[in-house]
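A look at the structure
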Amino acid sequence: MDIALYLIVPGLIVGAFYGLIGMAFAVIYKATRVVNFALGEMMMLTAYTAFALQGYLDLGFVPLVLATIVIAGAIALIVEILVIRPMQSEPLFSIVMATIGLAILLRSLVVLIWGALPRPSNTGLPDTYVNVFGVGLSYGQICMAGLFVVASAGVFVFFRYSRFGLAMRATASRETTAMLMGIRVRRVQTVAWVMSTVIAGLAGMLSASIYTLVPTLYADGLKGFPATILGGLDSVLGSTLGGLVIGVIENLAGGYIGSGIKEIAGFVIIILVLMIRPWGLFGQKDIERV
């Protein structure tokens, strides 16, 4: 039982990170029907820029969080205006391919500017550990869990009760109808890109503080994609729950079977879910008249 607890509690923290990335994927998809495969790289660029600024200005934790939000928002605006917006009339497949090309470009840009070696990622949080059910967690891990709870609650309230959230859902359902109803579709889509990148950027910054800041951070962002598939691409909260499930399963698989299984557990779950419920555990099945 103790061994399981030592695997489940850290697995929930990893799952919180995956859930945040899954939420970021789902927010963009819910508003635009686009899967942003450059999300991991945008997260990585945000983290590198934030820690570079932190090292230059010696920022504390709260100013670092605020700086991360601003940087992530700026990156999202640049990408949406320069890459996504000119392709609005193109097929969705072309836009997705553009995000893949953007991912390769951002990956190379980070290595070109900061190099391939690990870099310091001091957030100003205490170095001590907090005892949670007998398991020692760092303050960075506690903050990751807190961000997960706050972001989940905030996104739920936003989509369920705010007018802009309802407009975002309407845009995703039928863009032409939303435009006829007076919804500014372009503004809605821009906000979705900003929201998604801010959530991913904060998660990436905290992940880098827990582990290390390296150019392979984008791969951790890609690992959050199974959470979106498990929960359902069109279900934001389902994606967050999917992240928790995958994080725990990965840790249990790594602890009881082997570290090699841990790396592929999330993608095994994707295959199984796609075979049984292609629309995800909490997603909505598309029904079309033929």
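Scroll up for the structure.
First things first, this report covers the structure right here in the doc. Everything numeric in this text was worked out from a predicted model, so none of it was measured.

Focus on the pairing of strand S1 (residues 129-132)
- Examined bridge by bridge, S1 and strand S2 (residues 135-138) share four bridges and lie antiparallel to one another. The residue bridging Tyr 129 from the neighbouring strand is Ser 138, located in S2.
- Hairpin connection between S1 and S2: a loop of two residues separates the two successive antiparallel strands, and Phe 133 in this loop has a positive phi of roughly 55°.

A closer look at the packing of aromatic side chains
- Taken as a whole and assessed by the stated rule, the structure comprises six aromatic pairs.
- Both rings, one in Phe 17 and one in Tyr 18, keep their centres 6.0 Å apart while their planes meet at 50°; by these two values the pair is tilted.
- With relative accessibility at 6%, the residue Phe 17 sits in the buried group.
- Since its relative accessible area comes to 5%, Tyr 18 is described here as buried.
- Summarising the aromatic geometry, the rings of Tyr 48 and Trp 114 are spaced 5.2 Å apart at their centres and angled 40° between planes, so their arrangement reads as tilted. Linking Tyr 48 in helix H2 (residues 39-57) with Trp 114 in helix H4 (residues 92-114), this pair joins segments that are 66 residues apart in sequence.
- Ring pairs connect the aromatic residues Phe 25, Phe 37 and Phe 225, which therefore count as one cluster.
- Taking the ring centre of Phe 159 as reference, the NZ or CZ of Lys 30 above it sits at 6.0 Å.
- Lying across the ring of Tyr 218, Arg 107 places its NZ or CZ 4.2 Å from the centre.

Focus on the nonpolar core
- Counting residues in each nonpolar core, the largest one holds 78 residues, and the members touching the most others are Leu 20, Ile 21, Met 23 and Met 168.
- If you tally residues by element for this core, the top one is helix H1 (residues 2-32), at 16 residues.
- Once residues lying within four places of it in the same chain are set aside, the contact partners of Leu 20 are Met 144, Leu 147, Phe 148, Ala 151, Ile 199 and Ala 203.

Some remarks on the environment of Ala 167
- By the secondary structure assignment, Ala 167 is in helix H6 (residues 163-173).
- Between the C-alpha atom of Ala 167 and that of Tyr 6, which follows or precedes it by 161 residues, the distance is 43 Å.
- Ala 167 has contacts with Ile 183 and Val 188, leaving out every residue within four places of it along the chain.

Here is what the cut-offs are and how they apply
- Residues numbered from 1 in each chain as written.
- Predicted model: local features only at pLDDT ≥ 70, side-chain atom pairs only at ≥ 80, totals over all residues.
- Heavy atoms only, no water.
- Pairing = 2+ DSSP bridges.
- Helix = DSSP H or I, 4+ residues; strand = E, 2+ residues; numbered from the N terminus.
- Phe/Tyr/Trp six-rings, centres within 6.5 Å; stacked < 30°, edge-to-face > 60°.
- Buried < 20%, exposed > 50% of the residue type's maximum accessible area, 1.4 Å probe, protein only.
- Lys NZ or Arg CZ within 6 Å of the ring centre and 35° of its normal.
- Core = buried A, V, L, I, M, F, W, Y, C linked by side-chain atoms within 4.5 Å.
- Contact = heavy atoms within 4.5 Å.

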